[in-house]
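Spelled out from the first residue to the last, the chains are:
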Amino acid sequence: MQAHSAHHRVETLRERAPRVGGHPLLSGRRLAELEADLRTAREFSLRTIRPRALEFDRIALDEPGNFAWDVVREGGKLGLLSIVTPRAAGGPVDWACLRAALISEELAAGCGGFATLFGAHSLGASPLVMGGPACWEGALKEAASSVADPRPQIMAFCITEPTAGTDVEHHVWMHAAQTVTRADRTDGGWLLSGTKHFISNGNVATWLTVFMATDPRRPYETLTAFLVDSRSPGFSVVRCEHKMGHRASPAAELKFDEVFVSDRNVIGRPGDGMALTIAVLAASRPPVGAIGTGIARGAYERLLDWLREDPAAAGLLERQQVQIALAKMKEEIHLARQAYIDAATHFDTFSVGSLSGAPAMRAFGRLPSALRDNSLVRRSMDTKVGRGMVMEAMTRKVGNRGLTRTLGLSSMAKACGSDAAMRVTGMALEIAGLDCGALRPELEKCMRDAKLTQIYEGTNQLNRLEVFEGLVAEHAMSVLPRPEVTDRHREVTAARVPVGSR
Ligand SMILES: Cc1cc2nc3c(=O)[nH]c(=O)nc-3n(C[C@H](O)[C@H](O)[C@H](O)COP(=O)(O)OP(=O)(O)OC[C@H]3O[C@@H](n4cnc5c(N)ncnc54)[C@H](O)[C@@H]3O)c2cc1C
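Residues numbered from 1 in each chain as written. Predicted model: local features only at pLDDT ≥ 70, side-chain atom pairs only at ≥ 80, totals over all residues. Heavy atoms only, no water.

**Student:** Mind showing me how you'd approach the nonpolar core here?
**Tutor:** Across soluble globular proteins, you tend to see nonpolar side chains buried next to one another. Ranked by internal contacts, the top residues of the largest apolar core, which has 127 residues, are Phe-114, Leu-303, Trp-306, Leu-307, Met-329, Met-394 and Val-479. Ranked by residue count, the leading element in this core is helix H10 (residues 273-309), at 20 residues. Each residue touching Met-329, except ones within four places of it in the same chain, is listed here: Tyr-300, Leu-303, Val-424, Met-427, Ala-428 and Ile-431. Trp-190, Ile-199, Phe-226 and Val-228 belong to the second largest nonpolar core, which has 20 residues in total. (Core = buried A, V, L, I, M, F, W, Y, C linked by side-chain atoms within 4.5 Å. Buried < 20%, exposed > 50% of the residue type's maximum accessible area, 1.4 Å probe, protein only. Helix = DSSP H or I, 4+ residues; strand = E, 2+ residues; numbered from the N terminus. Contact = heavy atoms within 4.5 Å.)

**Student:** I'm lost on the sheet that holds strand E2 (residues 182-186) in this one. Help?
**Tutor:** Strand-to-strand pairing in sheets goes through backbone hydrogen bonds, with the strands running parallel or antiparallel. The four strands lie next to each other as E2-E3-E7-E6, forming an open sheet whose pairing is antiparallel. What marks the edges here is a single partner per strand, and that holds for E2 and strand E6 (235-240). With direction set aside, neighbouring strand axes in the sheet form an average angle of 10°. (Pairing = 2+ DSSP bridges. Axes fitted to C-alpha atoms, helices over the stretch in contact; angles between N-to-C directions.)

**Student:** Explanation requested: the packing of helix H17 (residues 399-432) against helix H18 (residues 439-453) in the structure shown.
**Tutor:** In a packed pair of helices, the relevant descriptors are the angle between the two axes and the axis-to-axis distance. With their axes 9 Å apart at the nearest point, H17 and H18 run at an angle of 155° to one another. Classed by the angle they form, the pair H17 and H18 counts as roughly antiparallel. In the crossing of H17 with H18, the sense of the turn from one axis to the other is left-handed. For the pair formed by H17 and H18, the contact residues are Lys-414, Ser-418, Ala-421, Met-422, Thr-425, Gly-426, Ala-428, Leu-429 and Ala-432 on the first element and Leu-439, Arg-440, Leu-443, Glu-444, Cys-446, Met-447, Ala-450, Lys-451 and Thr-453 on the second. Here the residues of the contact of H17 with H18 sort into ten nonpolar, four polar and four charged. (Parallel < 35°, antiparallel > 145°, perpendicular 65-115°, else oblique. Left-handed = near helix turned anticlockwise from the far one by under 90°. Nonpolar A, V, L, I, M, F, W, Y, C, P; charged D, E, K, R; others polar.)

**Student:** Help me understand the site of the ligand in this model?
**Tutor:** In the vicinity of the ligand, 19 residues are found, and the nearest of them are Phe-157, Thr-160, Thr-166, Phe-198 and Thr-459. Separating a nitrogen atom of the ligand from a backbone N or O atom of Phe-157 is a distance of 2.8 Å. Taking 980 Å² as the accessible area of the ligand by itself, protein coverage stands at 69%. Within the residue set of the shell around the ligand, elements represented by two or more residues are strand E1 (155-158) and strand E3 (189-200). Split into classes, the residues belonging to the shell around the ligand amount to nine nonpolar, seven polar and three charged. (Near = heavy atom within 4 Å. Polar contact = N/O pair within 3.5 Å; in protein donor to acceptor, adjacent residues only side chain to side chain. Areas by Shrake-Rupley, 256 points an atom, 1.4 Å probe, with all protein chains shown as cover.)

**Student:** Please clarify how the side chain of Thr-425 should be interpreted in this entry.
**Tutor:** Tracing the sequence through the fold places Thr-425 in helix H17. At 2.7 Å, the side chain of Thr-425 and the backbone oxygen of Ala-421 are in polar contact. Discounting residues that sit within four places of it in the chain, Thr-425 has contacts with Ile-295, Ala-299, Cys-446, Met-447 and Ala-450.

**Student:** Sorry, what's going on with the environment of Ala-134 here?
**Tutor:** Mapped onto the secondary structure, Ala-134 falls in the loop between helix H7 (112-130) and helix H8 (138-144). Residue Ala-134 is classed as partly exposed on the basis of its relative accessible area, which comes to 25%.

**Student:** Mind showing me how you'd approach unusual backbone geometry here?
**Tutor:** Glycine aside, a negative phi is what most residues show, and trans is what most peptide bonds show. Non-glycine residue His-246 carries a positive phi angle of around 50°. Its location among the elements puts His-246 in the loop between E6 and strand E7 (251-262). Its relative accessible area of 0% is what places His-246 among the buried residues. Positive phi outside glycine occurs at Glu-474, with the angle close to 55°. Turning to its location among the elements, Glu-474 is positioned in the loop between helix H19 (460-472) and helix H20 (487-494).

**Student:** I tried to follow the sheet that holds E1 on my own but got confused; where do I start?
**Tutor:** Taken in spatial order, the four strands of this open sheet run E1-E4-E5-E8, and their pairing is mixed. Here the strands that pair on one side only, and so sit at the sheet edges, are E1 and strand E8 (266-267). Strand direction decides the pairing type here: E1 and strand E4 (residues 207-213), joined by four bridges, are parallel. Bridging from a neighbouring strand, Cys-158 pairs with Val-210 of E4. Sitting on the sheet, H7 is in contact with E1, E4, strand E5 (223-229) and E8, with an inclination near 70° to E1. Contacting E1, E4, E5 and E8, H10 crosses the sheet at an angle of about 75° to E5.

**Student:** I'm lost on the pairing of E2 in this one. Help?
**Tutor:** Examined bridge by bridge, E2 and E3 share five bridges and lie antiparallel to one another. Paired with Thr-186 across the strands is Gly-189, a residue of E3. In textbook terms, the turn of a hairpin is the stretch between consecutive antiparallel strands, and for E2 and E3 this stretch comprises two residues, one of which, Gly-188, has a positive phi near 75°.

**Student:** What am I meant to see in H18 here?
**Tutor:** Each α-helix turn comprises 3.6 residues. Residues three or four places apart therefore point the same way. Between its first and last C-alpha atoms H18 spans 22 Å; for 15 residues at 1.5 Å apiece the expected length is 21 Å, and the two agree. Listed in full, the buried residues belonging to H18 are Leu-439, Leu-443, Lys-445, Cys-446, Asp-449, Ala-450 and Thr-453. All buried residues of H18 fall inside an arc of 155° around its axis, so they share one side. Structurally, H18 contributes buried residues whose contacts are with helix H4 (53-62), H7, H10, H17 and H19. (Expected span 1.5 Å × (residues − 1). Arc of directions from axis to C-beta.)

**Student:** Explanation requested: the packing of aromatic side chains in the structure shown.
**Tutor:** In this description, a pair of aromatic rings is defined by centroid distance and the angle of the planes. With the rule as written, the count across this model stands at six aromatic pairs. Here the aromatic rings of Phe-56 and Phe-114 are separated by 5.4 Å at their centres, their planes lie at 90°, and the arrangement is edge-to-face. Residue Phe-56 is located in helix H4, and its partner Phe-114 is located in helix H7; the two are separated by 58 residues in the primary sequence. Neither Phe-56 nor Phe-114 differs from the other in exposure class; each is buried. Over the ring of Trp-190 we find Arg-185; its NZ or CZ atom is 4.7 Å from the centre of that ring. Across from the ring centre of Trp-207, 5.5 Å away, lies the NZ or CZ of Arg-231, which sits over that ring. (Phe/Tyr/Trp six-rings, centres within 6.5 Å; stacked < 30°, edge-to-face > 60°. Lys NZ or Arg CZ within 6 Å of the ring centre and 35° of its normal.)

**Student:** Please clarify how the packing of helix H6 (residues 96-110) against H10 should be interpreted in this entry.
**Tutor:** Remark: H6 packs on H10, axes separated minimally by 7 Å, with the N-to-C direction vectors making an angle of 30°. Taken as axis vectors, H6 and H10 run roughly parallel relative to one another. For the element pair H6 and H10, the recorded crossing hand is right-handed. Where H6 approaches H10, its residues Cys-97, Ala-100, Ala-101, Ser-104, Glu-105, Glu-106, Ala-108, Ala-109 and Gly-110 are matched on the opposing element by Ala-283, Pro-286, Pro-287, Ala-290, Ile-291, Thr-293, Gly-294, Ile-295, Arg-297, Gly-298 and Arg-302. Of the residues assigned to the contact of H6 with H10, the class counts are eleven nonpolar, five polar and four charged.

Structure, rendered in structure tokens:
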């Protein structure tokens, strides 16, 4: 079977989502940029990722830590390692969420694992982007300029712990989370200790954005984001998971044994961790919905190629039962895509994403690099005011209600895309049956890849509760700018089992 059939014409963004194409804020140059990104990602996915998807899937069976450095290098040269970096921080665009989502769908149509690999890197970079100008020099730039190295600098995002997964992703349950990591104060910085697990890219990352409480008895109030250099003493990789799907992206358990992090590498301010987590998840869930959409599309396109081209499938396409099933698959993909495009456009134009294009941020981005590196400017950014810049802007421009709504839309996109992936890959396997030759392992992989999209970035149960809170009950969480204690929080905190008594 051909890697790329002529039947799958490249749809433009305007064709895919007329509402986005016609959006007054997304016209002219911006639309042209997104169309170009779409074409680049599709080309890379068809030429490099799809032909090697099964190869990396098989290698990881024996070597779960394997990492496709050559593919990553090639993607890095195309800008896939700086997808979310805003212009003001030296990156390519201000419309990061929609851009990341569109690219993710293209990559996932080739291989869900590679989409997750590049997505996990963007996820690791996101807290730095949202940390504001104080966090834009150092790691973000070093990573961006390492793309030509044999092993470019990869990033990873670490919140999940062996005893706390869903809880650390929710603004109320975090009060009761049984976290086992801690950051202790020391001269000039913090000592990080404990274990994080299921960390995508964790075994190969140079930079990790790590969330730990400075007082484990008050995880919500004291959650803090740290930038960790994996070359630091005390950091180690315990093991990599044997996974069912997304095997091109390794997931690792990581140990922190009093890893020193200087005050300068605190992202935002101590205690901003929960607000940052929510903002990052609101940004990352549309791209995960897009990964689900892409996996579904990959299965649909592979099946259609087979139905049209393989003699073993002769006559099947003329059967109404098959035509109805294909139409249903197309419908699932279309609706999942609209959901992530809606959520991402909302995030970029009306919510947290719009802050990176705000005048103050742009003004900083326009400073010549010599001036940005000037010690006075750097020191002014490294103050409480400089570090709190984005969080304060979020409070003023988005607010707690706006953030809850954004998270609701993003969570809806994530749940829609991942469920569509499971349904469509299942249907594709049913139509193809047992005797479809080389198509069989490809479709089986699509289905194995689909399952993880229902689990990571918060399980779909959690995501649907976020939809309820943000879009049905229309609550306003209280993570901005500092945790306010609400009656609901008090209730949960009162019911909490004290740390150490379990
Ligand atoms: C391959 C892989 C890669 C990952 N990559 C990363 C990464 O890069 N960085 C990172 O930080 N994390 C990562 N994760 C972690 C992922 O986000 C968590 O697995 C996920 O949040 C679920 O947490 P858990 O596994 O601890 O499940 P649990 O929280 O133990 O949940 C188990 C089940 O209980 C349900 N549940 C839990 N609490 C509630 C509740 N209050 N109400 C209703 N239902 C509930 C859940 O929905 C789920 O079905 C990854 C996970 C996997 C599997």
